[in-house]
Amino acid sequence: MNIESPAMPYNFADLEPAISRDTLVLHFLRHQRVCFDRMLALVRGTELEPLSLVELIRATERNPAEHVLYRHAAEVYNHNLYWNSMSPRGGGPATGLIGESLRERFGSHDRFVREFTDAASAQFGSGWLWLVWRAGTLEILTTSNAGTPLVRGDVPLLALDLWEHAYYLDHQNRRSAYVNAFLEELINWDTANHTLAELGVGSEPRVATRSRAAAEEAVSAGGLRMP
Ligand SMILES: [Fe+2]
């Protein structure tokens, strides 16, 4: 097996008060861990066993017979990036490469916040909110259920879990309060900056992406890196 066990990059209580310890314990142990264990059980002894997590997601996405495995593997990846999209010292306007790219794409932090929160509200039911790098620019998008932008060729930079289990204990049905807390107190721009640097964004001469190989590396690192 080529896939590491999920790990939290901080302690369960470190994101309080924005996200409570109880929420993170349940989320990590009862949701992601369950997905990870189920994924391992489905992969063990098959020809898919040597694949990395990203390879496994891409190999199973288009095969209806493997869809249960795809959903569990995608949820492991999505949650890995979600944990790293938050920090106890996060929140506020972006800095560094991601700050420059956001200003270029959205004009201002306030406009980015408006588009991000509007996209979160527009997502019906369970899903994910993403900031991705696509063809040399930033895009905000949502996916339903376990969907992941990896299978669209995008490079995920940051992920926000929009399933109710991510916020119900703390905010009940007020998804917008959870999204505001994420933006104001938690969002970890360092994770996005790290991936953009791996892609070669901001290097001279300016290029959209250094290479396909660099993009693959950045995608893998984004999902698995621990600060
Ligand atoms: Fe979740």
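By convention here, each chain's residues receive numbers from 1 onward along its written sequence. Only residues with pLDDT of at least 70 are given local features in this predicted model, and only at 80 or more are side-chain atom pairs given and counted; all residues enter the totals for whole chains, interfaces and linings. To obtain the side-chain values, all non-hydrogen atoms of the structure were included, while hydrogens and water were left out.

Chemist: Lay out the sheet that holds strand S2 (residues 137-144) in plain terms, naming residues and giving numbers.
Modeler: Ordered in space as S2-S1-S3, the three strands form an open sheet in which the pairing is antiparallel. The strands lining the two open edges of the sheet, one partner per strand, are S2 and strand S3 (155-161). The mean inter-strand angle of the sheet, taken between neighbouring strand axes irrespective of direction, is 25 degrees. Any two strands with at least two DSSP bridges between them are considered paired. To qualify as a helix, a DSSP run of H or I must reach at least 4 residues; to qualify as a strand, a run of E must reach at least 2; elements of each kind are numbered from the N terminus. Note: strand S1 (residues 127-134) against S3, six bridges, orientation antiparallel. Residue pairing for S3: Leu129 is matched across the bridge by Leu160. All axes here are fitted lines through C-alpha atoms, helices being fitted over the stretch that makes contact, and every angle between N-to-C directions spans 0 to 180 degrees.

Chemist: So, the coordination of the iron ion: which residues are in play, and what are the values?
Modeler: Around the iron ion, the protein contributes the donor atoms His27 (NE2), His79 (NE2), Asp161 (OD) and His165 (NE2), which lie 1.9 to 2.1 Å from the metal centre. When the donors of the iron ion are listed by position in the chain, the intervening gaps give H-x51-H-x81-D-x3-H. With a gap of 134 residues between them, His27 in helix H1 (residues 21-43) and Asp161 in strand S3 connect regions that are remote in the sequence. Overall, the relative accessible area of 1% leaves His27 in the buried class. Overall, the relative accessible area of 0% leaves Asp161 in the buried class. Donors, by definition, are the N, O and S atoms found within 2.8 Å of a metal, the threshold being 3.2 Å for Na, K and Ca, and water is not counted, so a site can look incomplete. When a residue's accessible area, from a 1.4 Å probe over protein chains only, is under 20% of the maximum for its type it is buried; when over 50% it is exposed; and in between it is partly exposed.

Chemist: Account for helix H5 (residues 109-122), naming residues and giving values.
Modeler: The end-to-end C-alpha separation of H5 is 20 Å, in line with the 20 Å expected for 14 residues at 1.5 Å each. Buried within H5 are the following residues: Phe112, Phe116, Thr117, Ala119 and Ala120. Each buried residue of H5 lies within a common arc of 155 degrees when the element is viewed along its axis, so the set occupies one face. Away from its buried face by more than 90 degrees, H5 exposes Asp110, Ser121 and Ala122. Packed against the buried residues of H5 are helix H4 (96-106), S1, S2, S3, helix H7 (175-186) and helix H8 (189-199). By this rule the span expected of a helix is its residue count minus one, scaled by 1.5 Å. What the arc describes is the spread of directions from the helix axis to the C-beta atoms. Any two residues having at least one pair of non-hydrogen atoms within 4.5 Å are treated as being in contact.

Chemist: Tell me what's going on with the packing of aromatic side chains, and back it up with residues and numbers.
Modeler: Side-chain rings of Phe, Tyr and Trp, where Trp is taken by its six-membered ring, are said to pair if the distance between their centres is within 6.5 Å; with planes under 30 degrees apart they count as stacked, over 60 as edge-to-face, and otherwise as tilted. The full count for this structure, using the stated rule, is ten aromatic pairs. Judged by centre distance (5.4 Å) and plane angle (40 degrees), the rings of Phe112 and Phe116 are tilted. In this pair, Phe112 and Phe116 are both assigned in helix H5, four residues apart and thus about one turn of the helix distant. Its relative accessible area of 3% is what places Phe116 among the buried residues. Here the aromatic cluster, defined as three or more aromatic residues joined through ring pairs, consists of Phe12, Phe28, Tyr82, Trp83, Trp128 and Trp130. In this structure, Arg105 is placed above the aromatic ring of Phe106, and the distance from its NZ or CZ to the ring centre is 4.7 Å. Geometrically, a lysine NZ or arginine CZ counts as sitting over a ring once it is within 6 Å of the ring centre and also within 35 degrees of the ring normal.

Chemist: Provide a residue-level description of the nonpolar core, including the pertinent values.
Modeler: To form a nonpolar core, buried Ala, Val, Leu, Ile, Met, Phe, Trp, Tyr and Cys residues must be joined to one another through side-chain atoms within 4.5 Å. Counting residues in each nonpolar core, the largest one holds 67 residues, and the members touching the most others are Met39 and Ile98. Residue contributions to this core peak at nine residues, all from helix H3 (residues 67-84). Residue contacts for Ile98: discarding those within four places in its chain leaves Leu131, Leu138, Leu157, Trp189, Ala192, Asn193 and Leu196.

Chemist: If you had to explain the packing of H1 against H3 to someone new, which residues and values would you point to?
Modeler: Between two packed helices, both the angle of their axes relative to each other and the distance between the axes serve to describe the pair. Between H1 and H3, whose axes approach to 9 Å, the crossing angle comes to 140 degrees. Viewed along their axes, H1 and H3 adopt a mutual orientation that is oblique. As H1 runs across H3, the sense of the crossing is left-handed. On H3, the residues touching Leu24, His27, Phe28, Gln32, Cys35, Phe36, Arg38, Met39, Leu42 and Val43 of H1 are Val68, Leu69, His72, Ala73, Glu75, Val76, His79, Asn80, Tyr82 and Trp83. As a working rule, the residues Ala, Val, Leu, Ile, Met, Phe, Trp, Tyr, Cys and Pro are called nonpolar, Asp, Glu, Lys and Arg charged, and the rest polar, with Gly in that last group. Residues that form the contact of H1 with H3 fall into these classes: 13 nonpolar, five polar and two charged. Should an angle fall under 35 degrees it is taken as roughly parallel, and over 145 as roughly antiparallel, whereas 65 to 115 is taken as roughly perpendicular and any remaining angle as oblique. What makes a crossing left-handed is the near helix being turned counterclockwise from the far one by less than a right angle; a clockwise turn instead makes it right-handed.

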